[in-house]
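Fold and contact review
Residue-level listing of the chains:
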Amino acid sequence: MSRERDRARREGERTRRDGERPRREVVTSPRTTAARHPRYPVSREIDEQTRLGEVYMRSLIRTQFRLALFVCTVLGCVVGGLPLLFLLVPELRETRLLGIPLPWAVLAGLIYPAFVLGAWLYVRQAERNERHFADLVERDR
Amino acid sequence: MSTAYGVTAVVLVVLAAVLIGAFGIRLSRTTSDFYVASRTVSPLWNASAIGGEYLSAASFLGIAGLILAYGADMLWLPVGWTGGYLVLLVLVSAPLRRSGAYTLPDFAEARLESMAVRRMASVLVVLIGWLYLMPQFQSAGLVLRTVTGAPVWVGGLLVAAVVAVNVMSGGMRSITFVQAFQYWLKLTALAVPAVFLLMAWRADGSPGLSAHDAATWALPLAGDREYGVYSTYSLILATFLGTMGLPHVLVRFYTNPDGRAARRTTLVVLSLLGAFYLLPAVYGALGRIYTPGLDRSDTVVLTLPGRLVGGMAGDLLTALVTAGAFAAFLSTSSGLTVSVAGVIGQDILKGGVRSFRTAAVLAVIVPLGLAVSARSLPVADVVGLAFAVAASSFCPLLVLGIWWRRLTSAGAMAGLLTGGGLACGAVLATIAGGPHTGLTGALLAQPAAWTVPVSFTVMVVVSLLTPGRIPPGVARTMVRLHTPETLNVNRGDWRPRHT
């Protein structure tokens, strides 16, 4: 979403540069007197609940929701798949890992570090998403 | 004799709780204290406090007991009780902290702008709290009977009285460090004896399971339990989705300074719980080898040190485990009682300090009565039922409330009523009318697999049918829930009501 917006902006700048014929111009003074582009941050769009503000908010929520859904899907596959796996492939139940039956090694041991790893990766990505959103919102348009 | 050590352990833990409660008066319990604490409490302390409050009798005694009785299928219980925090982390933790809600009814009110939903959430908090408290009191009775031979009701009464006095005097609750200490006490009380037990087992020549047990008990979905596959999946659903709906867990998130810290705290909670839950399986498996015919399997954690280690060391280890068990009863019960009493006092009675005191008594007496009168199920099973009710009521409310703009107050109420009502009905039928057999028995004993989808569906369908009742401030609420605190945006002016 935001990446598309960036690309559109960059492309706009490039076509403007390409389209303009090079003109010779004598620079006499910087445009100190001309009206500046008004400062209008995105956070104000959000506060005033304009359509643009809504687009920003929806993009944030959608990004975070997709991430959450991804984690939940992986979790669902692992957790929901294990009983099915043990049911359909009975040999797995008898397999031993370092002398411990595989179901016990997984359910009473290995799954916990896996949870922590998943959680750590999630936190990293969620914070990254938020930083990205904050950068977008705080940058002047 | 071991009785003396056991009694000493119980007395020490209870005395410590009472003293801390008495000195805690000055530390008070208002929401602003949580604000104050939030500036000084690091994620590790906060997470320890959550762990200390979360690890109840069910975790300390119940899981090992169920593993001893039913085998590998029960390994899912601790997995779900830990994994629930992963679901909570990704779906709920940061937005919930950002909502500023102090309790689940607060969240319902803030998000749906409806007092009716708030009241319904309050009733559910009280029901879940009572359902969770009842087995804590029952286990306290069981432990005290095992250690001293006292009648079963004595232990429950002791814990209930200490908790009620503590909560009324305002101690215990806001002291994050006390709850944090409880986690480490419980971990030590289970880990140290486990090391000695394993050493004794090695010295004994590492005996294995009997051939019959190795072929059935040790394998998942291999025992003679009816509808094992259904029960396993229903248990997984209840535990993974129920964690986020527990009233005493949510309040702790308020101590985090912001949503980002809430996430990091949850991450640490996952690590701490993972470390703790490595242990019950050890007790369960050793119990199956050495004490397969234990009449109340919940006592396996208390019985093993005496049986395997024996002598003075065995007595001391038993005392340590007993102390850990009482710490578990007291910390979880205190957390639950404060949550339940807060809701009763504020939403059902008039509010204010006197209401809170009446509410604290009510919060404790009802589950105590239930504990004495109801049929005694394994502690982890009853706590599992509390998770099922939470998963079928608050889980849909939180998930849809945080991520779906079109949730309406009518939809939320219909979902809470249907899901919570069905789950509560199943619980009642199991505890009061059971044990049922066959498919009905399985459906009632593990209701989550059907009540959770029903609840989600009702909430979504009724919301879609009542588009006119989408709360007017939903856009602002979404900004509040999802934008990081570093941004300077308008988040609305809703604040939780102070107790």
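Residues numbered from 1 in each chain as written. Chains lettered and ligands numbered in written order. Predicted model: local features only at pLDDT ≥ 70, side-chain atom pairs only at ≥ 80, totals over all residues. Heavy atoms only, no water.

**Re the overall build of chain A**
For clarity, the cut-off: Under the scheme used here, helices are H or I runs from DSSP no shorter than 4 residues and strands are E runs no shorter than 2 residues, and both carry numbers assigned from the N terminus. Burial classes follow relative accessibility: with a 1.4 Å probe on protein chains only, a residue under 20% of its type's maximum area counts as buried, one over 50% as exposed, and anything between as partly exposed. Residue contacts follow a heavy-atom distance rule, with two residues in contact if any of their heavy atoms lie within 4.5 Å. Accessibility throughout is a Shrake-Rupley quantity obtained with a 1.4 Å probe, and a residue counts as covered only by protein chains that appear here.
From N to C terminus, chain A includes 5 helices and 2 strands. Ordering the α and β elements of chain A from the N terminus gives α-α-α-α-β-β-α. Split into buried and exposed, the 141 residues of chain A put 34% on the buried side. Contacts in chain A between residues far apart in sequence, at least 24 positions, make up 67% of those at least 6 positions apart. On chain A, roughly 10100 Å² of surface is accessible, and the fraction owed to carbon and sulfur atoms is 56%.

**Focus: a nonpolar patch on the surface**
Worth spelling out the cut-off: For patches, a residue must show more than 30% relative accessible area and have no salt bridge; joins then use 9 Å for like charges and 5 Å for nonpolar side chains, namely Val, Leu, Ile, Met, Phe, Trp and Tyr. Counted as salt bridges are all cases of a side-chain nitrogen of Lys or Arg within 4 Å of a carboxyl oxygen of Asp or Glu.
Among the surface-exposed residues, Leu84(A), Leu87(A), Leu88(A) and Val229(B) lie close enough to one another that they form a single nonpolar patch of about 330 Å² accessible area. Here the nonpolar patch gets 3 residues from one element, more than from any other, and that element is helix H3 (residues 51-88) of chain A. As for its placement among the helices and strands, Leu87(A) is situated in helix H3. A residue is classified by how much of its surface remains accessible, and Leu87(A), at 36% relative accessible area, is partly exposed.

**Observations concerning the confidence of the model for chain B**
We count it as follows: The predictor rates its confidence in each residue with pLDDT, a number between 0 and 100.
Looking at chain B, the pLDDT average stands at 85 and 92% of residues meet or exceed 70. Element-level mean pLDDT values for chain B span from 50 in helix H2 (residues 31-40) of chain B up to 95 in helix H21 (residues 448-465) of chain B.

**A few points about the interface of chain A and chain B**
Our working rule: Buried surface area refers to the total accessible area, computed with a probe of radius 1.4 Å, that the two partners give up upon joining, counted for both partners together. Definition of a polar contact: a pair of N or O atoms within 3.5 Å, with one able to donate and the other able to accept a hydrogen when the atoms are protein atoms, and with sequence-neighbouring residues admitted only if both atoms are side-chain atoms. Residue classes follow a fixed rule: Ala, Val, Leu, Ile, Met, Phe, Trp, Tyr, Cys and Pro count as nonpolar, while Asp, Glu, Lys and Arg count as charged, and any other residue, Gly among them, counts as polar.
Listed per partner, the contact involves 45 residues of chain A and 50 residues of chain B. Across the interface of chain A and chain B, roughly 4300 Å² is buried in total on both sides, 74% from carbon and sulfur atoms. It is Trp104(A), Tyr112(A) and Glu130(A) in chain A that bury the most area against chain B; as a group they hold 17% of the surface buried on that side. Residues Arg405(B) and Glu54(A) are paired through a salt bridge, measuring 3.3 Å at the closest nitrogen-oxygen approach. Counting every contact that joins chain A to chain B gives 10 residue pairs in polar contact (both at pLDDT 80 or more). Top contributing element to the side of chain A that touches chain B by residue count: helix H5 (residues 102-138) of chain A, with 21 residues. Per-class residue counts for the side of chain A that touches chain B are 31 nonpolar, 6 polar and 8 charged.

**What to know about the packing of helix H7 (residues 115-148) of chain B against helix H8 (residues 152-169) of chain B**
Residue and element names in this part refer to chain B. Put simply, the test is: To get an axis, fit a line to the C-alpha atoms, keeping to the stretch in contact for a helix; angles then go from 0 to 180 degrees between the N-to-C directions. For classification, angles of less than 35 degrees are called roughly parallel, those exceeding 145 degrees roughly antiparallel, those between 65 and 115 degrees roughly perpendicular, and all remaining angles oblique. Crossing chirality is assigned from the near helix's rotation relative to the far helix, an anticlockwise turn below a right angle marking it left-handed and a clockwise turn marking it right-handed.
The geometry of H7 relative to H8 is characterised by a closest axis approach of 6 Å and an angle of 125° between their N-to-C directions. Accordingly, the angle class assigned to the pair H7 and H8 is oblique. For the pair H7 and H8, the crossing hand works out as right-handed. In this structure, H7 contributes Phe137, Ala140, Gly141, Leu142, Leu144 and Arg145 to the contact, and H8 contributes Val152, Val154, Gly155, Gly156, Val159 and Ala160. Class assignment of the residues belonging to the contact of H7 with H8 gives a composition of 8 nonpolar, 3 polar and 1 charged.

**Concerning empty space enclosed by the protein**
Put simply, the rule is: Definitions used throughout: a 1 Å grid over protein atoms alone; a cavity as a set of points that fits a 1.4 Å probe which cannot get out; a pocket as an open set with protein on both sides within 12 Å along at least five of seven lines; a lining residue as one with an atom within 4 Å of a point. Grid points are joined across faces, edges and corners, and a volume is the space filled by probe spheres set on the points.
Following the criterion strictly, the structure yields 5 cavities of 30 Å³ or more and no others. Quantified by volume, the second largest cavity comes out at close to 80 Å³. If you trace the second largest cavity, you find it lined by Leu60(A), Gln64(A), Tyr122(A), Glu130(A), Val90(B), Ala94(B), Pro95(B), Arg98(B), Arg263(B), Trp403(B), Leu481(B) and His482(B). Looking at the lining of the second largest cavity, the elements that each hand over two or more residues are H3 and H5 of chain A together with helix H5 (76-99) and helix H22 (474-482) of chain B. Per element, the largest residue contribution to the lining of the second largest cavity is 4 residues, and it comes from H5(B). Across the lining of the second largest cavity, the residue classes break down as 7 nonpolar, 2 polar and 3 charged.

**Let's talk about the packing of helix H9 (residues 176-203) of chain B against helix H16 (residues 311-348) of chain B**
All names here are of chain B. With their axes 9 Å apart at the nearest point, H9 and H16 run at an angle of 150° to one another. By the criterion of interaxial angle, the relationship of H9 to H16 is roughly antiparallel. Regarding H9 and H16, the two cross each other, and that crossing is left-handed. Seen from H9, the contacting residues are Gln179, Gln182, Leu185, Lys186, Thr188, Ala189, Val192, Pro193 and Phe196; seen from H16, they are Leu317, Leu320, Val321, Gly324, Ala327, Ala328, Ser331 and Thr332. For the contact of H9 with H16, the residue count by class is 10 nonpolar, 6 polar and 1 charged.

**Things to note about the confidence of the model for chain A**
Residues at a pLDDT of 70 or more form 72% of chain A, whose mean pLDDT is 79. Within chain A, helix H1 (residues 2-19) of chain A has the poorest average pLDDT of any element, 53, and H5(A) the best, 91.

**Observations regarding the packing of aromatic side chains**
This is how it is decided: Each Phe, Tyr or Trp ring (for Trp, its six-membered ring) is paired with any other whose centre lies within 6.5 Å, and the angle between the two planes then decides the class: stacked below 30 degrees, edge-to-face above 60, tilted in between.
Throughout the structure, instances matching the rule amount to 12 aromatic pairs over all chains. Pairing Phe115(A) with Phe240(B) gives two aromatic rings, centres 6.2 Å apart and planes at 75°, and the pair type is edge-to-face. Here Phe240(B) lies in helix H11 (residues 228-242) and Phe115(A) lies in helix H5, a pairing that spans two chains. We classify Phe115(A) as buried; its relative accessible area is 4%. Measuring from centroid to centroid gives 5.6 Å for Phe276(B) and Tyr277(B), while their planes differ by 80°, and the two rings are edge-to-face. The burial state of Phe276(B) is the same as that of Tyr277(B); both residues are buried. Among the aromatic residues, those joined into a cluster by ring pairs are Tyr54(B), Trp81(B), Tyr85(B), Tyr132(B) and Phe387(B).

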